[in-house]
Amino acid sequence: FAALPLTAIYASSLQRCRTIAELLVEGRDVPLVYMHGLMERSQGEWEPLFIEEANRRYPEARQRLREDATAAPPGGESAIEVWDRLQVAWRRILDRSHGAVAVVSHSGIISMLLGTILELPRATPFAGYPFFIGQGSVSRVEVPPRGGTVVHSINDTCHLRGLSGGRG
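Everything numeric in this text was worked out from a predicted model, so none of it was measured. (Residues numbered from 1 in each chain as written. Predicted model: local features only at pLDDT ≥ 70, side-chain atom pairs only at ≥ 80, totals over all residues. Heavy atoms only, no water.)

Asks: Looking at this structure, how should I read the overall build of the protein?
Replies: The helix and strand inventory of the protein stands at five helices and five strands. Reading the protein from its N end, one meets helices and strands in the order β-α-β-α-α-α-β-α-β-β. The C-alpha extent of the protein, read off along each of the three principal axes, is 45 × 40 × 25 Å. Of the contacts formed within the protein by residues at least 6 apart in sequence, a portion of 55% connects residues at least 24 apart. Counting only carbon and sulfur atoms, one obtains 53% of the accessible surface of the protein, whose full area is about 10200 Å². Positive and negative charge centroids in the protein, built from 18 and 18 side chains respectively, lie 2 Å apart. (Helix = DSSP H or I, 4+ residues; strand = E, 2+ residues; numbered from the N terminus. Contact = heavy atoms within 4.5 Å. Areas by Shrake-Rupley, 256 points an atom, 1.4 Å probe, with all protein chains shown as cover. Lys, Arg positive; Asp, Glu negative; His and termini not counted. Charge placed at Lys NZ, Arg CZ, Asp CG, Glu CD.)

What follows is the structure, given as structure tokens:
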């Protein structure tokens, strides 16, 4: 990213995204904007549980989350609610930005955002897109103001080569 002339960086305010966003902004005179719309899905009462533990304790409810975009964990968000807030965030990013921007978020949100950019149907936002988005991966998309979206890469991990646990 050092060679990219970024004009802004938008990120989820959760710590792992903050860390990456702060590295990206280092040495640049660009705004770093934390957006609620880029945060991962709220798991409500299941928030303190690891996914495996939630799957073990609530198998039927977890299965419903995978099948029904309107289902939500107790006190948490449905996929549709996440989709709706992401649409608002994306519109704000497009309205405020000119030039190259970085969006630092979570795999499900990045997958939804790619679906939005590519104008795929919303049907099952978390489970329905043909993208695998790995941790630390980079997806590069060009969104011209007059249409004609260009996908340069999805889930690129070549920058992770040589790092412990990197797949690149």
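Now that the structure has been shown, the text picks up again.
Asks: Would you mind showing me how to read a nonpolar patch on the surface here?
Replies: Taken together, Leu-118, Leu-120, Val-151 and Ile-154 make up a surface patch of nonpolar side chains, about 250 Å² in accessible area. Mapped onto the elements, Ile-154 comes out in strand E5 (residues 150-156). (Patch = residues over 30% accessible without salt bridge, like charges linked within 9 Å, V, L, I, M, F, W, Y side chains within 5 Å. Salt bridge = Lys/Arg side-chain N within 4 Å of Asp/Glu carboxyl O.)

Asks: When you look at the sheet that holds strand E1 (residues 6-11) in this model, what are you seeing that I'm missing?
Replies: Picture the strands of a sheet paired through backbone hydrogen bonds; they go either parallel or antiparallel. Taking strand neighbours across the sheet as the criterion, the three strands line up as E2-E1-E3 in an open arrangement whose pairing is parallel. A single partner strand is all that each edge strand has here, and the edge strands are strand E2 (32-34) and strand E3 (100-104). Within the sheet, the average angular offset between the axes of one strand and its neighbour, ignoring direction, is 20°. Taken together, the three bridges between E1 and E2 define a ladder with parallel strand orientation. From the neighbouring strand, Ile-9 faces E2, where its bridge partner is Leu-32. (Pairing = 2+ DSSP bridges. Axes fitted to C-alpha atoms, helices over the stretch in contact; angles between N-to-C directions.)

Asks: Got a minute to help me understand the side chain of Ser-153 in this structure?
Replies: Mapped onto the fold, Ser-153 is located in strand E5. Apart from the residues lying within four places of it in its own chain, the contact partners of Ser-153 are Val-138, Ser-139 and Arg-140.

Asks: Help me out: how do you make sense of helix H5 (residues 107-117) in this one?
Replies: Note: α-helices contain 3.6 residues per turn, so residues at a spacing of three or four share the same orientation. For H5, a buried count of ten out of eleven residues is recorded, marking the element as mostly surrounded by other parts of the structure. Taken together, the buried positions of H5 are occupied by Gly-108, Ile-109, Ile-110, Ser-111, Met-112, Leu-113, Leu-114, Gly-115, Thr-116 and Ile-117. As for H5, its buried residues are in contact with helix H4 (79-96), E3, strand E4 (138-142) and E5. One or two positions beyond H5, positive phi appears at Glu-119, with a value near 55°. (Buried < 20%, exposed > 50% of the residue type's maximum accessible area, 1.4 Å probe, protein only.)

Asks: Even after reading the chapter, I still don't get the pattern of salt bridges, so can you show me in this structure?
Replies: Throughout the structure, instances matching the rule amount to six salt bridges. Its salt-bridge partner being Glu-40, residue Arg-16 comes within 2.7 Å of it at the nearest N-O pair. Placement of the pair is Arg-16 in helix H1 (residues 15-25) and Glu-40 in the loop between E2 and helix H2 (51-57), with a sequence separation of 24 residues. Connected through salt bridges with shared partners, the residues Glu-53, Arg-56 and Arg-57 form a single ionic network.

Asks: I'm lost on the packing of aromatic side chains in this one. Help?
Replies: Two numbers describe a pair of aromatic rings. These are the distance of the centres and the angle of the planes. Evaluation of the coordinates by the stated rule reveals one aromatic pair. Ring centres of Trp-46 and Tyr-58 lie 5.2 Å apart, and the angle between their planes is 15°; this geometry places the pair in the stacked category. Note that Trp-46 is positioned in the loop between E2 and H2 and Tyr-58 in the loop between H2 and helix H3 (59-67), a separation of twelve residues in sequence. With a relative accessible area of 6%, Trp-46 lands in the buried category. Just above the ring of Tyr-34 sits the side chain of Arg-18; from NZ or CZ to the centre is 4.2 Å. (Phe/Tyr/Trp six-rings, centres within 6.5 Å; stacked < 30°, edge-to-face > 60°. Lys NZ or Arg CZ within 6 Å of the ring centre and 35° of its normal.)

Asks: Honestly, the nonpolar core in this entry has me stumped. Any pointers?
Replies: Nonpolar side chains tend toward joint burial in soluble globular proteins. Ranked by size, the top nonpolar core spans 22 residues in total, and within it Tyr-10, Met-35, Leu-38, Leu-86, Ile-93 and Met-112 carry the most contacts. Looking at this core, the elements with two or more residues in it are E1, H4 and H5. (Core = buried A, V, L, I, M, F, W, Y, C linked by side-chain atoms within 4.5 Å.)

Asks: Which parts of the structure should I look at to understand the confidence of the model for the protein?
Replies: Low pLDDT marks stretches whose predicted atomic positions should not be read closely. Put simply, the protein has an average pLDDT of 89, and 93% of its residues get 70 or more. Within the protein, the lowest mean pLDDT, 89, falls on H3, and the highest, 97, falls on E2. (pLDDT = per-residue confidence, 0-100.)

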